Number of protein chains: 2
Amino acid sequence: MTESDLPVTDFHPYRWGDPAHPAELPAAARETLAAFGVKAPAQAPVAPADVRLPAVALDASALGELAAVVGAEHVSSEHDARLRHTRGWSTPDLLRLRAGDADDAPDAVVLPGSHEEVVALLALCARLNIAVVPYSGGTSVVGGLAPQRAGFAGVIALDLARLDAVLAVDEVSRTATLQAGLRGPRAEQLLREQGFTLGHFPQSYEGASIGGYAAARSAGQSSAGYGRFDDMVVGLVLATPRGTVTLGSAPKSAAGPDLRQLVLGSEGTLGVITSVTVRLRPAPAERVYESWRFDSFEAGADALRRLVQDGPVPTVLRLSDEAETSVNLADPKAMFGAGPGGCLAVTGYEGTAEQVAARRAGASAVLTAAGGELLGTEGGEAWRTGRYRAPYLRDPLLDAGVLIETLETVTFWSNLHRLRAAVTEALSSTLTAQGTPPLVLCHISHLYETGASLYFTVACAQLEDPLAQWQAAKSAANAAIRACGAAISHHHGVGTDHRESYAEEVGPLAVEALQAVKQALDPAGILNPGVLIARSPSASTDSGH
Amino acid sequence: MTESDLPVTDFHPYRWGDPAHPAELPAAARETLAAFGVKAPAQAPVAPADVRLPAVALDASALGELAAVVGAEHVSSEHDARLRHTRGWSTPDLLRLRAGDADDAPDAVVLPGSHEEVVALLALCARLNIAVVPYSGGTSVVGGLAPQRAGFAGVIALDLARLDAVLAVDEVSRTATLQAGLRGPRAEQLLREQGFTLGHFPQSYEGASIGGYAAARSAGQSSAGYGRFDDMVVGLVLATPRGTVTLGSAPKSAAGPDLRQLVLGSEGTLGVITSVTVRLRPAPAERVYESWRFDSFEAGADALRRLVQDGPVPTVLRLSDEAETSVNLADPKAMFGAGPGGCLAVTGYEGTAEQVAARRAGASAVLTAAGGELLGTEGGEAWRTGRYRAPYLRDPLLDAGVLIETLETVTFWSNLHRLRAAVTEALSSTLTAQGTPPLVLCHISHLYETGASLYFTVACAQLEDPLAQWQAAKSAANAAIRACGAAISHHHGVGTDHRESYAEEVGPLAVEALQAVKQALDPAGILNPGVLIARSPSASTDSGH
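Rules used throughout
- Residues numbered from 1 in each chain as written.
- Chains lettered and ligands numbered in written order.
- Predicted model: local features only at pLDDT ≥ 70, side-chain atom pairs only at ≥ 80, totals over all residues.
- Heavy atoms only, no water.
- Pairing = 2+ DSSP bridges.
- Helix = DSSP H or I, 4+ residues; strand = E, 2+ residues; numbered from the N terminus.
- Axes fitted to C-alpha atoms, helices over the stretch in contact; angles between N-to-C directions.
- Contact = heavy atoms within 4.5 Å.
- Least-squares fit on C-alpha atoms with pLDDT ≥ 70 in both.
- Domains from an automatic or database assignment.
- Buried area = accessible area lost by both parts, 1.4 Å probe.
- Salt bridge = Lys/Arg side-chain N within 4 Å of Asp/Glu carboxyl O.
- Polar contact = N/O pair within 3.5 Å; in protein donor to acceptor, adjacent residues only side chain to side chain.
- Buried < 20%, exposed > 50% of the residue type's maximum accessible area, 1.4 Å probe, protein only.
- Phe/Tyr/Trp six-rings, centres within 6.5 Å; stacked < 30°, edge-to-face > 60°.
- Lys NZ or Arg CZ within 6 Å of the ring centre and 35° of its normal.
- Arc of directions from axis to C-beta.
- UniProt positions renumbered as here; feature names shortened; annotations may be inferred.
- pLDDT = per-residue confidence, 0-100.
- Parallel < 35°, antiparallel > 145°, perpendicular 65-115°, else oblique.
- Left-handed = near helix turned anticlockwise from the far one by under 90°.
- Nonpolar A, V, L, I, M, F, W, Y, C, P; charged D, E, K, R; others polar.
- Disulfide = S-S within 2.5 Å.

1. Considering the sheet that holds strand β13 (residues 316–320) of chain B
Two strands in a sheet stick together by hydrogen bonds in their backbones, pointing the same way (parallel) or opposite ways (antiparallel). Residue and element names in this part refer to chain B. With respect to topology, seven strands assemble into an open sheet ordered β15-β12-β14-β13-β17-β18-β16, the strand pairing being antiparallel. Each edge of the open sheet is held by one strand with a lone partner, namely β15 (373–376) and β16 (402–412). On average, each strand axis in the sheet is tilted by 25 degrees relative to the strand beside it, whichever way the strands run. Alignment of strand β12 (residues 286–294) against strand β14 (residues 343–351), held across nine bridges, turns out to be antiparallel. Across the sheet, residue Glu290 finds its bridge partner in β14, namely Thr347. Running over the sheet, helix α17 (residues 466–483) touches β16 and β18 (451–461) and is turned about 10 degrees from β16.

Structure below.
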């Protein structure tokens, strides 16, 4: 898949990415897994058609009222539609579905055709006390699509797939207004036709969509050059149960707090983002990807920090630690093959020929001076073309009896190595204590002048209850992140999985402030209840305004 | 004054800047003014000692409780202290004080010595129903220091001057933690000693302070290269009547909304920012400032847009329109002298010698290709060295009978010329209708990939009631800004002057969301009541939580 291929439209309920291109484990990987004590699970995953769904809680009258807003053909309580809208793409989400558990399935899937229909649906659901899960790409890996249904008449998935237009392109201001249900590849395809790129390529690119990018503060693999998604958004339209909020009268201003940044990252709890206006860049005429070798993670991190602090900054910049370099995740085709040793870094440059040449020369000089050894373009190109493929390996690994998951965090540079050591130790010790010593891989993939993200991949043999097994490791990692004062997520978000850690991170007054905003915009508390923040104590008793 | 001169500490109650360096009108200016029908006012300004202050509303018991928190020597109800903390530096603020009106004077000035004392003061004021004006530099030009006192036992100015330390410098992460009361020049001086710069140089630099930069979303004249203040802040500590909120565990994250951006721009209504952690840059080894001539504002704006969209981006980038160029505000010493005609642009480059050379060569090529004519370094250096001087001219102009004020806005590039025409027309027509045709000057001084700010300077002959005269023009300008869909302020803020326009800009639901946050953090509504947002309908009846 390249940035402008046709989008996938038909995902499997619990297998990553494009069903037409499943991954197979390399033979070398199978040998390594056996050495880790990995054995195939006793039971094969439950087939989608056999997954048990709870009974539909909404009655015909409620379903009829929903249909009256969007048309009967855009409301479904069928098994397949409900199953496809059950939870997201985290390993725990997949493990539950593979075990046949779809308790979090919505009662109905509703597809509005306009912003106005979204507003009408939210008002209706507030009146009928129906919880609403805003759904665009469905790729959450932090439980962002699994709300608490207690106290509600039912739950609907509000799927934005029909809101998939490019509403406007302003070539002078270099902005585009994109509807929330537009998936990444389709948005990119439409913008390229006009000579532009969004430059946003998260690993979930094939499945994720504009609304999710915004609601969950996505960061793409080219964030060094193109910025994070929250950097790109200059305007947005939010549908709430009480009406519409339209924000973004200028790129930046001193007209009060930047309320766009209050909606970005609100994960569907304050309203449904129906469109965003984003900053565009010219589609790059040229691109070069290279790989570099550093003797150690510390040396590589110092070199990358120098680049991002003093420039020139490449479009893509990442560094694998020794363990990840040895596994060669950057090139899944060659996984577990012989690597260059040390730590592998990838640099990518995109832009005009002049820009690419100037930045590449400048950055190469800095990296060389900092001890980097240029390995050439082969490894960089392998990373670029294979970059959406790594997560595809999870399904055959789960099939083979491996427990594999990722997690990520971000901190300031002076705290980076302490954080990496603490999280690695937390994951290793909890899983080793359960008799399943893990492989813990780490990389830096998003860099700022003042700090960087750390992304961990953890793999070990599955126990009989892999959910409980992972939960222990994840809790320990969260505690380590909090103890180091780092953020609980760099780009995955909070969802339900990180809610308690997030509350600790920002403190009780900040949580109350968010609950107050939610109470103002969503007084009935129907939007993604229990996601991001705990339901307000007053939510169940005070639903008027 | 250069960036690292010793700070001014003793400002006049109603004259701009350093009292040791007042400005005088050039002879050419006096001639021009006579042609505009300007006559000196019948009455000289009321001397500071003769300005009438309202009686102190707080009784000895309340003053004693305040003193118990901070020490008696840090509470003052003296005439001079109250007068110096009355309103800010806008022309209406000055006109009122010059007329002897200090109705908005606080009852007492209180200077806490620590974050904990601020928290204790806010809790005390909530209990005693005393309104609090957070005060750091005191340079607001939008009525941000004039709260509504109705319903309160009294008003105090909470002056942060004693919180003036650099608490920490992290050389690896390139961050510093600065207390809110630190004025810009002193912060810069302390950071330069360690080889760093903040790079934040607003026109109010001599008087403004860190807390005000943050609370009002300041943007400095080097924003193209160093960013706006809200770009620099990676962490902050907020004192509220209910306790402390500490934000900023990472440069950027997906851990919920970016709540730092909710506090930045909140103008003291949600809490008192007592310290911020900011991103630093290396102090520049070299700097070059140049001026350029363009045939028209449109041609110059196109050229600057090209630079900011495709690079390389200078550290300082600004463009005066034909009128401003002819008045030569960029070089006050030569004001109203012969200029180069057309439109004057200033480009400044700061950094290492290599960075300056590379950016200067690249940017010059772009500007030349876009029709710019390089005038050399003289005009650029004149702008740089004189850049804090222009506002000093306001006092002798007011003395001479001129009504002079500035206002600013920001929009997307495709809307820029329409906005400039509409605001110019609004100002010209309303003042001409009053018999005082104005001079309206405009420049671009802050640029983004997707848009730019417009800064207007308006001057005409004073009428007998200059406040009413200006209010008519300002209302018309605000209406024009709103009609064009632009932001009501790029860097001055909302205060009380822009409150209604701001409410229109973000809409009633967004205002309710902000009121809800205020209610959560400041249930008694004591913090800057009536600034930024209207007092909530429930504020007077519901002060518990």
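2. What about the relation of the copies chain B and chain A?
By a simple turn and slide, chain B fits onto chain A: the slide is 0.0 Å along the axis, the RMSD is 0.0 Å, and the turn is 180 degrees. Here the transformation between the copies is reduced to the relation of a two-fold axis. Among all residues of chain B, the minimum C-alpha distance to the rotation axis is found for B:Ala516, at 2.7 Å. Most of the interface of chain B is mirrored in chain A, where 100% of its interface residues are also at the interface.

3. With respect to the sheet that holds strand β5 (residues 166–170) of chain B
Residue and element names in this part refer to chain B. Strand order in this open sheet of five strands is β5-β6-β10-β8-β9, and the pairing throughout is antiparallel. Of all the strands in the sheet, the pair left with one neighbour each is β5 and β9 (243–247). When strand polarity is set aside, the average angle formed by the axes of neighbouring strands in this sheet is 10 degrees. As paired elements, strand β8 (residues 233–240) and β9 share five bridges and run antiparallel to each other. The residue bridging Leu238 from the neighbouring strand is Val245, located in β9. Strands in contact with helix α5 (residues 115–128) are β8, β9 and β10 (272–279); relative to β8, the strand with the most contacts, it is inclined by about 45 degrees.

4. A word on the domain arrangement of chain A
Residues and elements named next belong to chain A. If you check the domain split of chain A, you get domain 1 (166–282), domain 2 (284–389) and domain 3 (401–493). Centre-to-centre separation of domain 1 and domain 2, based on C-alpha positions: 28 Å. Counting from both sides, the interface comprises 14 residues of domain 1 and, opposite them, 11 residues of domain 2. When the two sides are added together, the surface that domain 1 and domain 2 hide from each other amounts to roughly 990 Å², 50% of it contributed by carbon and sulfur. On the domain 1 side of the contact with domain 2, Gln221, Ala224 and Tyr226 bury the most area, a combined 46% of that side's loss. Applying the counting criterion to the domain 1 and domain 2 interface returns zero salt bridges. The interface formed by domain 1 and domain 2 holds three residue pairs in polar contact (both at pLDDT 80 or more) in total.

5. Things to note about the pairing of β18(B)
Residue and element names in this part refer to chain B. Of all 11 residues that make up β18, 11 are buried, and the element is covered over most of its length. With five bridges connecting them, strand β17 (residues 439–444) and β18 associate as antiparallel partners. In the strand pairing of β18, Leu439 is matched with Ala459. Two successive antiparallel strands, β17 and β18, enclose a turn made up of six residues.

6. Some words on the interface of chain B and chain A
Bring the parts together and some accessible area is lost; that lost area is often taken as the interface size. Counting from both sides, the interface comprises 77 residues of chain B and, opposite them, 77 residues of chain A. At the boundary of chain B with chain A, total buried surface from both sides reaches about 5,700 Å², with 60% on carbon and sulfur atoms. Between the two partners, chain B and chain A, sit 10 salt bridges. For B:Glu449, the salt bridge identified is with A:Arg281, shortest N-O distance 2.6 Å. Applying the counting criterion to the chain B and chain A interface returns 34 residue pairs in polar contact (both at pLDDT 80 or more). Broken down by element, the residue count for the side of chain B that touches chain A peaks at nine residues, all from helix α19 (residues 508–521) of chain B.

7. Some details on the packing of aromatic side chains
All names here are of chain A. For the structure shown, the criterion picks out 12 aromatic pairs over all chains. Taken together, Phe11, Trp16 and Trp89 form an aromatic cluster joined through their ring pairs. One cation-aromatic arrangement involves Arg389 over Tyr392; the distance from NZ or CZ to the ring centre is 4.1 Å.

8. Some words on the pattern of salt bridges
Taken as a whole and assessed by the stated rule, the structure comprises 54 salt bridges over all chains. One salt bridge connects B:Asp399 with B:Arg15, and the closest N-O pair in it is separated by 2.8 Å. In this pair, B:Asp399 sits in helix α15 (residues 394–400) while B:Arg15 sits in the segment before α1 (27–35), placing the two residues 384 residues apart along the sequence. Judged by its relative accessible area of 31%, B:Asp399 falls in the partly exposed class. With its nearest N and O atoms 3.0 Å apart, the salt bridge here joins B:Asp258 to B:Arg260. Residues joined by salt bridges that share partners form a network here, namely A:Arg15, A:Arg98 and A:Asp399.

9. Section: helix α18 (residues 499–506) of chain B
Those residues of α18(B) that sit buried are B:Arg499, B:Ser501, B:Tyr502, B:Glu505 and B:Val506. With its buried residues spanning 160 degrees around the axis, α18(B) presents them on a single face. Where the residues of α18(B) are buried, they touch β9 (243–247) of chain A together with α17 and α19 of chain B.

10. Focus: the environment of B:Gln515
Residues and elements named next belong to chain B. Inspection of the secondary structure assignment puts Gln515 in helix α19. Residue class for Gln515 comes out buried when judged on its relative accessible area of 13%. Gln515 sits 245 residues away from Leu270 along the chain, and the two C-alpha atoms are 9.3 Å apart. Sequence-distant contacts of Gln515, that is, excluding residues within four places in its chain, are made with Ile533, Ala534, Arg535 and Ser536.

11. Re the UniProt feature "domain: FAD-binding PCMH-type" (unreviewed entry) in chain A
When the UniProt feature table is mapped onto this chain, "domain: FAD-binding PCMH-type" (unreviewed entry) is found at residues 102–283 of chain A. Annotation note: span residues 102–283 of chain A, helix share 23%, strand share 27%, distance between end C-alpha atoms 42 Å.

12. Section: the confidence of the model for chain A
Residues and elements named next belong to chain A. Summary statistics for chain A give a mean pLDDT of 93 and a share of 94% for residues scoring 70 or more. Ignoring residues within four places in sequence, the model shows residues 539–545, a span with pLDDT below 50, making 11 contacts including any to other chains. For this predicted complex, the interface confidence comes out at an ipTM of 0.95, alongside a pTM of 0.96.

13. Notes on the side chain of B:Thr274
Residues and elements named next belong to chain B. The topology assignment puts Thr274 in strand β10. Looking at Thr274, the relative accessible area reads 3%, which means it is buried. In this structure the side chain of Thr274 is engaged in a polar contact, spanning 2.8 Å, whose partner is the side chain of His115. Apart from residues no more than four positions distant in its own chain, Thr274 is found in contact with His115, Val118, Leu163, Leu178, Gln179, Ala180, Val237 and Ala239.

14. Digging into the packing of helix α2 (residues 60–70) of chain A against helix α5 (residues 115–128) of chain A
Residue and element names in this part refer to chain A. Packing of α2 against α5 leaves a shortest axis separation of 9 Å and a crossing angle of 160 degrees. Considering the angle they form, α2 stands roughly antiparallel to α5. Crossing angle aside, the handedness with which α2 passes α5 is right-handed. Each of Ala62, Glu65, Leu66, Val69 and Val70 in α2 lies in contact with α5, whose residues at this interface are Glu117, Ala120, Leu121, Leu124, Cys125, Arg127 and Leu128. Here the residues of the contact of α2 with α5 are counted per class, giving nine nonpolar, no polar and three charged.

15. Overview of the state of the cysteines
As used here, a disulfide is simply a covalent bond connecting the sulfur atoms of two cysteines. Residue and element names in this part refer to chain A. Taken as a whole and judged by the stated rule, the model has zero disulfides over all chains. Cys460 takes part in no disulfide bond, and the closest cysteine sulfur to it belongs to Cys442, at a distance of 17 Å. When its relative accessible area of 3% is taken as the criterion, Cys460 is described as buried.

16. Examining the environment of B:Ile481
Among the secondary structure elements, B:Ile481 is positioned in helix α17. On a C-alpha basis, the gap between B:Ile481 and B:Ala67 in space is 45 Å, while along the polypeptide they are 414 residues apart.

17. Regarding the side chain of A:Asp101
All names here are of chain A. Checked against the element boundaries, Asp101 lands in the loop between α4 (91–98) and β2 (108–110). Judged by relative accessible area, which is 18%, Asp101 ranks as buried. Of the polar contacts made by the side chain of Asp101, one reaches the backbone nitrogen of Asp103; its length is 2.8 Å. Discounting residues that sit within four places of it in the chain, Asp101 has contacts with Val51, Arg52, Arg87 and Arg96.

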